[in-house]
Amino acid sequence: MEQRLTKQLDAHNVGLFTGAPLQGIEMGGDSRLDVLAGDRRLPADLVLVALGVEPNSEVAAGAGLDLGPDRTLAVNEHLQTSDPDIFAAGDCADAFHVVTGKRAWIPLALRANRAGKIAGANAVGANLAVPPVAGTAVFRLFDLEVARSGLSVVEASAAGFDPVSAVIHAPTRAHSFPGAGKMSVELVADSGSGRLLGGQIVAEEGAAHRIDTVAAALGASMSAQDFAGLDLAYAPPFGPTWDPLLVAGTQLVKRLATSA
Ligand SMILES: Cc1cc2nc3c(=O)[nH]c(=O)nc-3n(C[C@H](O)[C@H](O)[C@H](O)COP(=O)(O)OP(=O)(O)OC[C@H]3O[C@@H](n4cnc5c(N)ncnc54)[C@H](O)[C@@H]3O)c2cc1C
């Protein structure tokens, strides 16, 4: 999966330097900038610094409210902080993960919006509960769609599962339909229970909304076996008769059988 992304960057002349922490930005020659990273000095006309976000929870912590993972404001399913009269929602607050059931910090738009609506309603007397999050996310990398939901193998191991995974590559359209790309799917399941834990998809087309099937399956605590048996749509412009998700699901069931 990762190789497809690095190849895509390479094909568009984007250099990727992993394991090279940013050490500084200096004025170089000709009014250009030099970015110092690891043992490299990279000349640049313009530098965009994208270092991620972090919850601004200082005031809340100072007021004695409990903090969650990554210094988020810890909230219950009604979006109440440790002071039940104070609500928190959005990127600053934590959530419960649909697979692990544990507190997680996943700063994404839908869950922030949904939590905001529910916190607002509860603050004026409603008693609504926010559903757990799966961390479903999608982005575009030049011509590729990249999507994920639930846990990766590494995250599943860290959460105490015994994960097995299956990776498949399939055409994005039926063989009779021109213009197909390649869809790579990785599905992860727990070898003990057979439960589906997560999935990732990379493809020229069809990844973005296919990941929602994985998200729905995670929300229903579906097993890999049940996932492989889903009745998914087929027509030549949209995929092969056996949807790539079903091919991956079938392979995952086989992996589970051999790992038992
Ligand atoms: C470049 C970018 C792209 C993104 N793309 C996606 C995407 O494709 N999909 C996705 O799911 N998520 C995406 N996100 C994440 C998504 O935008 C956030 O998860 C979401 O906006 C969080 O909503 P929020 O209400 O918690 O915070 P915000 O949207 O950050 O809103 C917080 C608001 O509070 C205001 N504020 C801050 N401090 C104070 C103060 N002291 N007093 C008054 N007001 C204050 C701010 O000005 C801001 O308007 C992206 C984020 C970025 C930065």
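Please read these numbers as outputs of a predicted model, since none were measured by experiment. (Residues numbered from 1 in each chain as written. Predicted model: local features only at pLDDT ≥ 70, side-chain atom pairs only at ≥ 80, totals over all residues. Heavy atoms only, no water.)

For the rest of this paragraph, the subject is the environment of Ser149. By secondary structure assignment, the location of Ser149 is in strand S7 (residues 144-150). Sequence separation of Ser149 and Leu128 is 21 residues, and the distance between their C-alpha atoms is 24 Å. Ser149 has contacts with Ala134, Gly135, Thr136, Gly198, Gly199, Ile211, Val214, Ala215 and Leu218, leaving out every residue within four places of it along the chain. Within polar-contact distance, the side chain of Ser149 engages the side chain of Thr136 at 2.8 Å. (Helix = DSSP H or I, 4+ residues; strand = E, 2+ residues; numbered from the N terminus. Contact = heavy atoms within 4.5 Å. Polar contact = N/O pair within 3.5 Å; in protein donor to acceptor, adjacent residues only side chain to side chain.)

What follows is about the site of the ligand. In the vicinity of the ligand, the contacting residues are Gly90, Asp91, Pro107, Leu108, Ala109 and Ala112. The backbone of Leu108 places a nitrogen or oxygen atom 3.4 Å from an oxygen atom of the ligand. With respect to the ligand, the backbone of Ala109 contributes an N or O atom lying 2.9 Å from an oxygen atom. Calculation on the ligand without its partners gives an accessible area of 1000 Å², and the protein chains cover 22% of this total. Considered class by class, the residues forming the shell around the ligand number four nonpolar, one polar and one charged. (Near = heavy atom within 4 Å. Areas by Shrake-Rupley, 256 points an atom, 1.4 Å probe, with all protein chains shown as cover. Nonpolar A, V, L, I, M, F, W, Y, C, P; charged D, E, K, R; others polar.)

Take a nonpolar patch on the surface next. Together, Leu22, Ile25, Val49 and Leu51 line one region of the surface with nonpolar side chains, adding up to about 400 Å² of accessible area. Inspection of the secondary structure assignment puts Val49 in the loop between strand S3 (40-44) and helix H2 (58-62). (Patch = residues over 30% accessible without salt bridge, like charges linked within 9 Å, V, L, I, M, F, W, Y side chains within 5 Å. Salt bridge = Lys/Arg side-chain N within 4 Å of Asp/Glu carboxyl O.)

The strands making up a sheet associate through backbone hydrogen bonding, with each pair oriented either parallel or antiparallel. Here we have three strands laid out as an open sheet, ordered S1-S2-S3, and antiparallel in their pairing. With partners counted over all chains shown, the strands left at the sheet margins are strand S1 (22-27) and S3, one partner each. Between one strand axis and the next, the sheet turns by 25° as a mean value, whatever way the strands run. (Pairing = 2+ DSSP bridges. Axes fitted to C-alpha atoms, helices over the stretch in contact; angles between N-to-C directions.)

This part takes up the pairing of strand S2 (residues 33-37). The buried fraction of S2 is high, at four of five residues. Strand direction decides the pairing type here: S1 and S2, joined by five bridges, are antiparallel. Note on S2: the bridge partner recorded for Ile25 is Val35. Hairpin connection, S1 to S2: the antiparallel pair is bridged by five residues, and Asp30 has positive phi, about 55°. Where S2 lies against S3, five bridges are found, and the strand directions are antiparallel. (Buried < 20%, exposed > 50% of the residue type's maximum accessible area, 1.4 Å probe, protein only.)

Remember, this is a structural readout, not a statement about activity or role.
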